[in-house]
Amino acid sequence: MSTILSISDLRKSYAGGFEALKGVNLEIEEGEILALLGPNGAGKTTLISTICGITTATSGSVTVGGHCIETEYRAARAMIGLVPQEINLEPFETVLNTVRFSRGLFGKPKNEALIEDILKKLSLWDKRSSQIKELSGGMKRRVLIAKALSHEPRVLFLDEPTAGVDVELRKDMWEVVRELRESGVTIILTTHYIEEAEAMADRVGVIAGGEILLVEEKSDLMARMGKKELQVMLTEPISTVPAALAEHDLRLGADGQSLVYTYDVTAERTGITALLNDVAAAGLVLSDVATRQSSLEDIFVDLVSGEDA
Amino acid sequence: MNWTAVASIYKFEMARFFRTLAQSFLSPVLSTSLYFVVFGAAIGSRIDHVEGVSYGAFIVPGLIMLSVITQGISNASFGIYFPKFIGTVYELLSAPVNFLEIVLGYVGAAATKALFIGVVILATAHLFVDITILHPLAMVLFLVLTCVSFSLLGFIIGIWAKNFEQLQLVPLLIITPLIFLGGSFYSISMLPPVWQTITLFNPVVYLISGFRWAFFGVSDVPVGFSLLAIALFTGLCLAVIGWIFRTGWRLRS
Ligand SMILES: Nc1ncnc2c1ncn2[C@@H]1O[C@H](COP(=O)(O)OP(=O)(O)OP(=O)(O)O)[C@@H](O)[C@H]1O
Ligand SMILES: [Mg+2]
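Residues numbered from 1 in each chain as written. Chains lettered and ligands numbered in written order. Predicted model: local features only at pLDDT ≥ 70, side-chain atom pairs only at ≥ 80, totals over all residues. Heavy atoms only, no water.

**As for the overall build of chain B**
- The helix and strand inventory of chain B stands at ten helices and two strands.
- For 253 residues, the compact-globule estimate of 2.2 N^0.38 gives 18 Å, and the C-alpha radius of gyration of chain B, at 19 Å, lies within 12% of that figure.
- Projected onto its principal axes, the C-alpha coordinates of chain B cover approximately 60 × 40 × 35 Å.
- When the 253 residues of chain B are sorted by exposure, 53% land in the buried category.
- Restricting the contact set of chain B to residue pairs at least 6 apart, pairs at least 24 apart contribute 81%.
- As displayed, chain B has an accessible area near 11100 Å², and 73% of this comes from carbon and sulfur atoms. (Helix = DSSP H or I, 4+ residues; strand = E, 2+ residues; numbered from the N terminus. Rg over C-alpha atoms; globule rule 2.2 N^0.38 Å. Buried < 20%, exposed > 50% of the residue type's maximum accessible area, 1.4 Å probe, protein only. Contact = heavy atoms within 4.5 Å. Areas by Shrake-Rupley, 256 points an atom, 1.4 Å probe, with all protein chains shown as cover.)

What follows is the structure, encoded as structure tokens:
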């Protein structure tokens, strides 16, 4: 695989002097899906806007397919499709004309069959002659996606594409994104839904306070950072963790009838055997045990709260 | 040049015009008719002739200029302000287009609309008075140049404006007075000498004078000056727009 997007030491200070990007370095491989996770105000939209030419960088460089976004902006931008976070659409124009316009604006010759195909995939074909203002919020968001796809981008930025889209449609959109990836399109999406990153991404990047905290293969990340919880259910309720078990760092379960033990899956010794022995030795009777793997969400919350500290 | 992009912008902008075609057509017809009733009939019956031309016919070039200038400015300023206002400007900024292509699309469409209205007014005026055009080619040249140059000015205003009030401000406070005081409805030779001199600082005087010359062969200032004035004005607007796109002023944060 080759690098399709390369960002080095990208900085952006807004007019007021606020530094929204503090030296971002990022390489994106052709054909991958990268999910950018980050809290509100992390700099996700700023990063995307700078790459796409909507705001200008204060310093640093970005190349798309080897083309510098400043000196070779035509070649660079022609490769990029952008689905912005805000729903920005001409309210009085029809769906079809709005999408046609985008294709033309990017210098691509007319291709009605392609546009029909895109609108059908996004379940917008029936609405093609409606004015944008007559559409629901979720439909408008799909029009934004259709516009971005209309000029056949090699790199697609999706800035919170599924915000305000219902579960059913969200699944449809994931399907569209997966198909795009199959066809070789590189996708960078930002999202607040961790399940979305979990479901779709090959790699996950975490951004907070204008800095990329980490970029990793999703599976590595989950294995490395993944913690497991062992829940030991008891036959009798207890009020406190018995003193005999103090060295195990246990929590009392919310039901008052279980003990919760958190351990690192990748550690050499998980300490489960010793724990279970000690539980029996303390005179407690087990009724059941269960384990739970922490999700990307837990990992994310851990990382970002660590940043604040 | 990304001509496909130019054509796309142009078509998209013209679609806005066609959506409100009846309104775009009716309002100039109505206002022209009103001007004829008020100026042509009521006042004209007392003025009789100006420089050998009947007053009714004399005001036609001024009327056309008045509308074409205000329409050019308002179409172009709204055309580029609206995407900024509703946020669709993101697409222009992220598209593989340069400033010349954006300007050609937006200003081209705004100038076309202004030209259309100019022609509608000329046709409406023809219903009220006999008009002969001595220099048709020069007439078309002046008309087109005026549409284009004031659409360029409108484009600048649209980019500069931060809200709807500012969008109206320049046309209201500067342009409309300049047009009314620019000899739309009178020959400047009808003014006292002091005012004749002051008036010469009003650029619109040169436009209206040149345009009127194309119709009747009479002018307040030599026609060469008129051409020079409009060429300078167009060049100035282009230079400002070039600067705006180089710096991203009011467009890119
Ligand atoms: N035009 C602007 N002028 C000044 N500051 C800005 C501007 N746009 C964004 N910021 C600031 O830059 C920071 C990053 O904003 P950005 O929109 O990139 O965040 P984000 O990660 O996309 O957040 P969200 O998840 O809420 O969309 C924020 O603190 C924001 O206030
Ligand atoms: Mg954002």
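Having seen the structure, we can now continue with the description.
**Describing the domain arrangement of chain A**
- Partitioning chain A into domains gives domain 1 (3-216) and domain 2 (223-299).
- Computed over C-alpha atoms, the centres of domain 1 of chain A and domain 2 of chain A are 43 Å apart. (Domains from an automatic or database assignment.)

**Here we look at the coordination of the magnesium ion (ligand 2)**
Residues and elements named next belong to chain A.
- Looking at the metal site, the magnesium ion (ligand 2) is ligated by Thr 45 (OG1) and Gln 85 (OE1), spaced 1.9 to 2.1 Å from it. Here Thr 45 is found in helix α1 (residues 44-52), whereas its partner Gln 85 is found in the loop between β6 (80-83) and α3 (95-105), with 40 residues between them in sequence.
- Thr 45 sits in the partly exposed class, given a relative accessible area of 31%.
- For Gln 85, a relative accessible area of 26% corresponds to the partly exposed category. (Donors = N, O, S within 2.8 Å, 3.2 Å for Na, K, Ca; no water.)

**A few points about helix α5 (residues 137-150) of chain A**
- For α5 of chain A, built from 14 residues, the straight-helix expectation of 20 Å at 1.5 Å per residue is met to within 8% by its first-to-last C-alpha distance of 20 Å.
- The buried fraction of α5 of chain A amounts to eleven of the 14 residues, a majority that puts the element mostly inside the structure.
- Three or more residues of α5 of chain A are buried, namely Gly 138, Arg 141, Arg 142, Val 143, Leu 144, Ile 145, Ala 146, Lys 147, Ala 148, Leu 149 and Ser 150 of chain A.
- Where the residues of α5 of chain A are buried, they touch β6, α3, α4 (112-121), β7 (155-159) and α6 (167-182) of chain A together with α4 (89-94) of chain B.
- Looking at the residues trailing α5 of chain A, positive phi occurs at Glu 152 of chain A, about 50°. (Expected span 1.5 Å × (residues − 1).)

**A closer look at the interface of chain B and chain A**
- Tallying the contact residues gives 25 residues for chain B and 31 residues for chain A.
- In total, about 2500 Å² of surface goes out of reach between chain B and chain A, with carbon and sulfur atoms giving 57% of it.
- Ranking the residues of chain B by area buried against chain A places Phe 12, Tyr 90 and Pro 96 of chain B at the top, with a combined share of 27%.
- Along the contact surface separating chain B from chain A lie five salt bridges.
- Residue Arg 19 of chain B is joined to Glu 90 of chain A by a salt bridge in which the shortest nitrogen-to-oxygen separation is 3.6 Å.
- Put simply, chain B and chain A have ten residue pairs in polar contact (both at pLDDT 80 or more) between them.
- When residues of the side of chain B that touches chain A are traced back to their parent elements, those giving at least two are α1 (3-19), α3 (55-86) and α4 of chain B.
- Looking at which element gives the most residues to the side of chain B that touches chain A, the answer is α1 of chain B, with eight residues.
- For the side of chain B that touches chain A, the class distribution of residues is twelve nonpolar, eight polar and five charged. (Buried area = accessible area lost by both parts, 1.4 Å probe. Salt bridge = Lys/Arg side-chain N within 4 Å of Asp/Glu carboxyl O. Polar contact = N/O pair within 3.5 Å; in protein donor to acceptor, adjacent residues only side chain to side chain. Nonpolar A, V, L, I, M, F, W, Y, C, P; charged D, E, K, R; others polar.)

**Remarks on the sheet that holds strand β10 (residues 211-217) of chain A**
Residues and elements named next belong to chain A.
- Taken together, the six strands give an open sheet; going across it, the order is β6-β7-β8-β3-β9-β10, and neighbouring strands pair in mixed fashion. Bordering the open sheet on either side are β6 and β10, each of which pairs with just one other strand. The sheet shows a mean angle of 15° between the axes of neighbouring strands, direction not considered.
- Summarising the sheet, strand β9 (residues 203-208) and β10 pair through six bridges and their orientation is antiparallel. Note on β10: the bridge partner recorded for Gly 205 is Val 215.
- Across the sheet, α1 is in contact with β3 (33-37), β6, β7, β8 (186-191) and β9; its angle to β7 comes to roughly 150°.
- Across the sheet, α6 is in contact with β3, β7 and β8; its angle to β8 comes to roughly 150°. (Pairing = 2+ DSSP bridges. Axes fitted to C-alpha atoms, helices over the stretch in contact; angles between N-to-C directions.)

**Describing the pattern of salt bridges**
- Per the counting criterion, the structure on display carries 19 salt bridges over all chains.
- For Glu 93 of chain A, the salt bridge goes to Arg 19 of chain B, with nearest N and O atoms at 2.9 Å. Residue Glu 93 of chain A is located in the loop between β6 and α3, and its partner Arg 19 of chain B is located in helix α1; the two belong to separate chains.
- Since its relative accessible area comes to 4%, Glu 93 of chain A is described here as buried.
- With a closest N to O distance of 2.8 Å, Arg 100 of chain A and Glu 112 of chain A form a salt bridge.

**Side note on the nonpolar core**
- Of all hydrophobic cores here, the largest spans 145 residues; its most connected members are Leu 5, Val 64 and Phe 157 of chain A together with Phe 155 of chain B.
- In this structure, Val 232, Leu 234, Leu 245 and Tyr 261 of chain A belong to the second largest nonpolar core, which totals twelve residues. (Core = buried A, V, L, I, M, F, W, Y, C linked by side-chain atoms within 4.5 Å.)

**Observations regarding the site of ligand 1**
All names here are of chain A.
- In the vicinity of ligand 1 lie 14 residues, with Asn 40, Lys 44, Thr 45, Thr 46 and Gln 85 positioned nearest.
- In this structure, an oxygen atom belonging to ligand 1 sits 2.9 Å away from a main-chain N or O atom of Gly 43.
- One nitrogen or oxygen atom from the side chain of Glu 160 is found 3.3 Å from an oxygen atom belonging to ligand 1.
- Its free accessible area being 640 Å², ligand 1 has 64% of it covered by the protein chains.
- Counting residues per element, the shell around ligand 1 draws most heavily on α1, which supplies three residues.
- Across the shell around ligand 1, the residue classes break down as five nonpolar, seven polar and two charged. (Near = heavy atom within 4 Å.)

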